[in-house]
Amino acid sequence: MNPTSAFPVGTILGYPRIGPNRELKRAVESFWAGRIDAEALERTASELRAATRARLAGLGLDPRNAAIPESFSFYDQVLDAALTVGAVPERFSSLVGADGRVDLAGAFTIARGAGDLAPLEMTKWFDSNYHYLVPEIGESTPFALSDDRVVEQFREGLAEGYVTRPVIVGPVTFLLLSKAAEGASAGFAPIDRLEALLPVYAELLQRLAAAGAPWVQLDEPALVSETFDVPRSTVLAALERSTAVLSAVSDRPAIFVAAPYGALGDALPVLAASGVEAVGVDLVRGGLPESSAGLASKTVVAGVIDGHNVWRGDLAAAADLLARAAERFPQLAVSTSTSLLHVPHDVSVETRLDPRLRSWLAFADQKVDQIAVLARGLTRGRASIAAELTAASAALDDRLAAPGVVDAAIRARTAALAPADFTRGDYQERAAAQEQALGLPFLPTTTIGSFPQTGDIRRARAQRVAGTLDEEAYVATMRAEIGRVVALQEDLGIDVVVHGEPERNDMVQYFAEHLDGFAVTEHGWVQSYGSRCTRPSILWGDVSRPAPITVEWSSYTQSLTTKPVKGMLTGPVTILAWSFVRDDQPLAETANQVALALRDEIADLERAGIRIIQVDEPALRELLPLRRADQGRYLDWSVGSFRLATAGVRAETQIHTHLCYSEFGVVIDAIRRLDADVTSIEAARSRMEVVSDIRASGFDHGIGPGVYDIHSPRVPSVAEVTALLEIALEGIPQRQVWVNPDCGLKTRGYEETVASLANIVEATRAVRARVGATG
């Protein structure tokens, strides 16, 4: 270690890696499609990394002293960590080269699956909409330094004149985010393998030092979370052991442990007593630590700029917080609270946004600029940044006073809510009424809502926005696609029909475009998983519904079939979770405003004769606070907002909801409290692991554990679907079970979709026949 390498005064924890124009997404998908080779993909990635370093240096991060993080990934940082330490499941052993390395094609196969090779499970990264791939660790999983891309990328930057800071998922977080491999002994947890893993991290540190890296960033966000099925004492012991082993490594870079998304709590004293040189604390979510004991010899990296949202924020308050922190910590640096992975690149390119609204916002580049300003204030004094603080305060004052931020009529409506607005009648009575009204077979089949969006459909939407396709032609195009989707479902034998959502660009953005209080961006892309990117909407003011949104499309669909049609809505929690939400009032208040807008939409759907209405809440688990003490309050208001949206319907109207890619066991009681008549959930990739939670909880409403993993290009066979259904029926009463994919089919192609759905229907009919029920 080079003891003279001081930590940079200003830095960020990470930066968007998809490219300002989604260059990485396009290159990766071109590679998958065979249009470019691995060399071309590597070249695009190298160009993006070079552009990022230059951009960050231009925005004010010092290019010479590790201020710029090297946080690139082709797909996912947790997958990268697994490949780095050689944690490749046995079923992928043929992808491992003689040198122990998995090439790019192999890495994508592990991420996405191929043929009979099921991919790694995928779930949410802490309380964000980013999805990570879950490593599989067993008692005998071999660990070895098998991939040193992180070293190569540091050297790449060095050759360009940049001394960057390699970023790696830390060993404790890596193991806590992993799952026990199939066949592991009862009671085994991946964290039990810490001793075997640490030598690999030690070797990696030595290689980085040999390459000239002065600092390395170990991301340990698991330290702020209490959501793991591992005793907290075990987590703290693992932290103590890992920092002891890694800080004792000779010839290593200085170690910066970053712990975003909340307060370190009882992990802070462990880090303070350790041999690491710098500790990151999230002051946006966690607040200023009460104790500074043991931190005098370390650099405290204060996360005062919110990396999780897009508001310009109160720069003066951040400067005040840094001033208080400086009184406690003699070695202080300033950073973002989290990686900027969660926000778009640059707000200045959003020329279609209202200029007033744009002045309230800060995307990744603007947040880097804020860091540079605050770092200058730390080194040169507050007076040196007085103009920037004044400008930020003026923007904040303007935002709070702008028309539409507060609407008296909306506030009066939420203030008048009573307990009756949140409750429906007895479930068993509803179930009987729905059985009679709908006449559905045992094991009813349906899909989650969206069907593949073809190039023609996307072009039609784009042409409408551009004004080159008039409304009449646009509606005709959408209706033609709806007719195609309905005919396909009838041909396949699907029991409950959806319209396929061709008119929707995104399940949140579509509603944001039709609700007051929202704005949408042109270029505000954020990575969700792999090459999948979303454009979160901006919820800036009080929310209301000026006119019906989905009724015309659902009514038209119902006119094409005698089968029941599901009306499709996105729930209030998910609209909040997948938008950038105002930070000037409690989330619960905002959720109720959105819920009332949806309640109005549901009432109109019901009046139009739609007998099944699905209100998707895939993000329910996502926003669950990482500290247990905060979870009850969150679950109360999140469940309440869903019930507020759905409680006004008649008994015979069936309310569905959908949840995906979450640890459902953690929130199974909340799912029951939603009181939806039917809940569909992700279950295929984990091979029905959730069934045990459902059985143990006594869940008695309708449940559709997914039998088709739509995030993989694989087509599940009839035998595979049959096996999954049989697992479900072993743990769940037959009368409750529905059959459906894991999620919507928007990202899949028609050929694979039709084949998969045909196999689902065939498997369902076979299971019905086996158990003696008729369809």
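Everything numeric in this text was worked out from a predicted model, so none of it was measured. (Residues numbered from 1 in each chain as written. Predicted model: local features only at pLDDT ≥ 70, side-chain atom pairs only at ≥ 80, totals over all residues. Heavy atoms only, no water.)

This paragraph deals with the overall build of the chain. Secondary structure assignment for the chain yields 26 helices and 21 strands. Its C-alpha radius of gyration of 26 Å places the chain within 12% of the 28 Å reference for a compact globule of 775 residues. In terms of its C-alpha atoms, the chain occupies a principal-axis envelope of roughly 75 × 60 × 50 Å. Contacts spanning at least 24 positions in sequence make up 78% of the contacts within the chain whose residues lie at least 6 apart. A total accessible area of about 27,800 Å² is found for the chain, and carbon and sulfur atoms account for 51% of it. Placing the 74 positive and 99 negative side-chain charges of the chain at their respective mean positions leaves the two points 2 Å apart. (Helix = DSSP H or I, 4+ residues; strand = E, 2+ residues; numbered from the N terminus. Rg over C-alpha atoms; globule rule 2.2 N^0.38 Å. Contact = heavy atoms within 4.5 Å. Areas by Shrake-Rupley, 256 points an atom, 1.4 Å probe, with all protein chains shown as cover. Lys, Arg positive; Asp, Glu negative; His and termini not counted. Charge placed at Lys NZ, Arg CZ, Asp CG, Glu CD.)

A few words on the UniProt feature "domain: Cobalamin-independent methionine synthase MetE N-terminal" (unreviewed entry) in the chain. Here, UniProt's "domain: Cobalamin-independent methionine synthase MetE N-terminal" (unreviewed entry) annotation points to residues 11–327. With 38% helix and 13% strand, residues 11–327 has end C-alpha atoms that lie 20 Å from one another. (UniProt positions renumbered as here; feature names shortened; annotations may be inferred.)

In this section: the nonpolar core. Formed by 114 residues in total, the largest nonpolar core has its most connected members in F174, L223, L264, V304, L361 and L374. Sort the elements by how many residues they give to this core and helix α7 (residues 194–211) lands first, with 10 residues. Among residues more than four places away in sequence, those in contact with L264 are L223, V224, R232, A259, L271, V279, G280, V281 and R627. L515, C660, A684 and I760 belong to the second-largest nonpolar core, a separate cluster that totals 96 residues. (Core = buried A, V, L, I, M, F, W, Y, C linked by side-chain atoms within 4.5 Å. Buried < 20%, exposed > 50% of the residue type's maximum accessible area, 1.4 Å probe, protein only.)

With that settled, the discussion passes to the environment of E42. Looking at where E42 falls in the secondary structure, it is placed in helix α2 (residues 38–58). For E42, a relative accessible area of 24% gives the class partly exposed. Apart from residues lying up to four places away in sequence, E42 is in contact with F74, L104 and R149.

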